[in-house]
Amino acid sequence: GRDPFDERSGARDVLGYMPQQYSLYGDLSVAENLAFFREMYGLERAMFVARRDRLMHLTRLAAFRDRRASALSGGMYKKLALACALLHDPKVLLLDEPTTGVDPVSRRELWDLLHEFLAEGVAIAIATPYMDEAARCHRAGMLYGGALLAEGAPAELVAAFPHPVYTLHGDRDALEAAIASSADVLAFTPAGARLRVVVRRGREQGVLAGLAAAGARAEPAAATFEDLFLATVRERSAA
């Protein structure tokens, strides 16, 4: 209910923002970047020191306080950006693809940090291209081509998904050719040496017969948030 473009509303005081692109000052150290954001937010020294020390401890950046931002790894840089966004103790944290380009360990550590701040009452809104991350949220909106395709609790959206999903065993090239020729396969994704397919409800018999002719052995599988997203995009694109 506050206008972020009206400085009198106080909206900016309660918002923390972490952009997708690298936006810190590369020639400043970890400590200097945090000190710069202290000036930006107008924090009193006592509050700044307490918040800085806690955030550096949580992100495990204390040992790198004198390292320039441009010399940090991708994961460490993202942690510093998160610390800068949280420095003024915001109530709402806006994150634009925070884990893009970081290694799996740093990705997990970033999510662990987010859960800590969530437990403290910070509301977190995140944009992510990773379906497993979207599925971890309390509420998700699936966006494609500027349109909101679906919105709700991920588990509830998946539970209401009407189309059956199968895991296919067989020759990948032959199966992909058979899938490409079927309008009733709404989505397919690699699953190791196998393929996952989403089949339009009511058309299973014909699709599975065609896949069997291509040498496939099909096993029913539980739908995932990624299956839901890909099939929904396909249906909307074809509409």
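One numbering rule holds for all chains: residues counted from 1, following each sequence as written. In view of the model being predicted, local features appear only for residues whose pLDDT reaches at least 70, and side-chain atom pairs are presented and counted only at 80 or more, with totals across whole chains, interfaces and linings using the full set of residues. Only hydrogens and water are removed before side-chain values are computed, so all heavy atoms of the structure are retained for them.

Q: Even after reading the chapter, I still don't get the nonpolar core, so can you show me in this structure?
A: The tendency in soluble globular proteins is for nonpolar side chains to be buried side by side. Nonpolar core, defined: a set of buried Ala, Val, Leu, Ile, Met, Phe, Trp, Tyr and Cys residues in which side-chain atoms within 4.5 Å join the residues together. Accessibility here uses a 1.4 Å probe with only protein chains present; expressed as a share of the type maximum, an area under 20% marks a residue as buried, one over 50% as exposed, and anything in between as partly exposed. Leu34, Leu80, Leu82 and Leu93 are the most contacted members of the largest nonpolar core, which totals 31 residues. Strands are runs of DSSP state E lasting at least 2 residues, helices are runs of H or I lasting at least 4, and numbering of each runs from the N terminus. The set of elements that each furnish at least two residues to this core consists of helix 2 (30-41), helix 3 (45-59), helix 4 (74-86), strand 2 (92-96) and helix 5 (104-119). The biggest single contributor to this core is helix 4, with nine residues. In this structure, Leu93 is in contact with Gly16, Leu82, Ala85, Leu86, Leu114, Val122, Ala123, Ile124 and Ala125, ignoring residues within four places of it in sequence. Contacts are assigned to residue pairs that have any heavy atoms within 4.5 Å of one another.

Q: Help me understand the sheet that holds strand 9 (residues 217-221), please; the structure alone is not making it clear to me.
A: Sheet strands line up and pair through hydrogen bonds in the backbone, either parallel or antiparallel. Only strands joined by at least two bridges in the DSSP assignment are considered to pair. Ordered in space as 7-8-6-9, the four strands form an open sheet in which the pairing is antiparallel. Of all strands in the sheet, those bounded by a partner on one side alone are strand 7 (185-191) and strand 9. Pairs of neighbouring strands in the sheet enclose a mean axial angle of 30°, with direction left out of account. Across four bridges, the pairing between strand 6 (residues 165-169) and strand 8 (residues 194-199) is antiparallel. Bridge assignment links Tyr166 to a residue of strand 8, and that residue is Val197. Angular values range over 0 to 180 degrees, each being the angle between N-to-C directions of two axes fitted as lines to C-alpha atoms, with helices fitted over their stretch in contact.

Q: Got a minute to help me understand the layout of surface pockets in this structure?
A: Taking a probe equal in size to a water molecule and rolling it over the atoms shows the remaining empty space. Cavities and pockets are found on a 1 Å grid laid over the protein atoms alone: a cavity is a set of points where a 1.4 Å probe fits but cannot escape, a pocket is an open set with protein on both sides within 12 Å along at least five of seven lines, and a lining residue has an atom within 4 Å of such a point. Grid points are joined across faces, edges and corners, and a volume is the space filled by probe spheres set on the points. Taken as a whole, the largest pocket spans an internal volume of roughly 580 Å³. Taken together, 23 residues line the largest pocket, and the ones lying closest to its centre are Ile126, Thr128, Ala134, Cys137 and Arg139. Breaking the lining of the largest pocket down by element, the ones donating at least two residues are helix 5, strand 3 (123-127), helix 6 (131-134), strand 4 (140-144) and helix 10 (225-238). Its residues assigned to classes, the lining of the largest pocket shows 16 nonpolar, four polar and three charged. Here the nonpolar group is Ala, Val, Leu, Ile, Met, Phe, Trp, Tyr, Cys and Pro; Asp, Glu, Lys and Arg are the charged ones; every other residue, Gly included, is treated as polar.

Q: What's the story with the packing of helix 2 against helix 3 in this structure? I'm lost.
A: Helix-helix packing is characterised by the crossing angle of the two axes and by the distance between the axes. Running from amino to carboxyl end, helix 2 crosses helix 3 at an angle of 140°, the nearest separation of the two axes being 11 Å. Classified by the interaxial angle, the pair formed by helix 2 and helix 3 is oblique. Note on packing geometry: the crossing formed by helix 2 with helix 3 is right-handed. Facing helix 2, whose interface residues are Val30, Leu34, Ala35 and Arg38, helix 3 presents Arg45, Phe48, Arg52 and Met56. By residue class, the composition of the contact of helix 2 with helix 3 is five nonpolar, no polar and three charged. Relative orientations are named as follows: roughly parallel for angles under 35 degrees, roughly antiparallel for angles over 145 degrees, roughly perpendicular for angles from 65 to 115 degrees, and oblique for any other angle. By convention the crossing between two helices is left-handed if the near helix lies anticlockwise of the far one by an angle smaller than a right angle, and right-handed if it lies clockwise.

Q: Would you mind showing me how to read the pattern of salt bridges here?
A: Pairs can form between side chains of opposite charge once their charged atoms are near each other. Criterion for a salt bridge: a side-chain nitrogen of Lys or Arg within 4 Å of a carboxyl oxygen of Asp or Glu. On inspection of all chains with the given rule, the structure shows 14 salt bridges. Its salt-bridge partner being Asp89, residue Arg51 comes within 3.7 Å of it at the nearest N-O pair. In this pair, Arg51 is assigned in helix 3 and Asp89 in the loop between helix 4 and strand 2, connecting sequence segments 38 residues apart. For Asp89, a relative accessible area of 35% puts it in the partly exposed group. The salt bridge involving Asp227 is made with Arg196; its shortest N-O contact spans 2.3 Å. Of this pair, Asp227 sits in helix 10 while Arg196 sits in strand 8, placing them 31 residues apart in sequence.

Q: Whenever I open this one, the sheet that holds strand 3 confuses me. Can you help?
A: Spatial strand order, 1-2-3: three strands in an open sheet with parallel pairing. The sheet is open, and its two edges are formed by strand 1 (15-18) and strand 3, each paired on a single side. With strand direction ignored, the average angle separating the axes of adjacent strands in the sheet is 15°. Sheet topology note: the strand 2/strand 3 ladder contains five bridges and is parallel. Paired with Leu93 across the bridge in strand 3 is Ile124. Those strands touched by helix 4 are strand 1 and strand 2, and its axis lies near 160° from that of strand 1.

Q: Just to check I follow, could you spell out the packing of aromatic side chains for this structure?
A: Geometry of an aromatic ring pair is reported as the spacing of the ring centres plus the angle between the planes. Note on ring pairs: Phe, Tyr and Trp rings are taken, using the six-membered ring of Trp, and paired if centres are within 6.5 Å. Classes follow the plane angle, with under 30 degrees stacked, over 60 edge-to-face and the rest tilted. What the rule picks out here adds up to four aromatic pairs. When the centroid spacing of 4.1 Å and the interplanar angle of 10° are considered together, the rings of Tyr22 and Tyr77 count as stacked. A residue pair is termed long-range when its members are at least 10 positions apart, and Tyr22 in the loop between strand 1 and helix 2 and Tyr77 in helix 4 qualify at 55 residues. In this structure Tyr22 comes out as exposed when scored by relative accessible area, which is 52%. For Tyr77, a relative accessible area of 6% puts it in the buried group. The interplanar angle of 70° and the centroid separation of 5.0 Å between the aromatic rings of Tyr25 and Phe36 together place this pair among those described as edge-to-face. Residue Tyr25 is located in the loop between strand 1 and helix 2, and its partner Phe36 is located in helix 2; the two are separated by 11 residues in the primary sequence. By relative accessible area, Tyr25 is classed as partly exposed at 42%.

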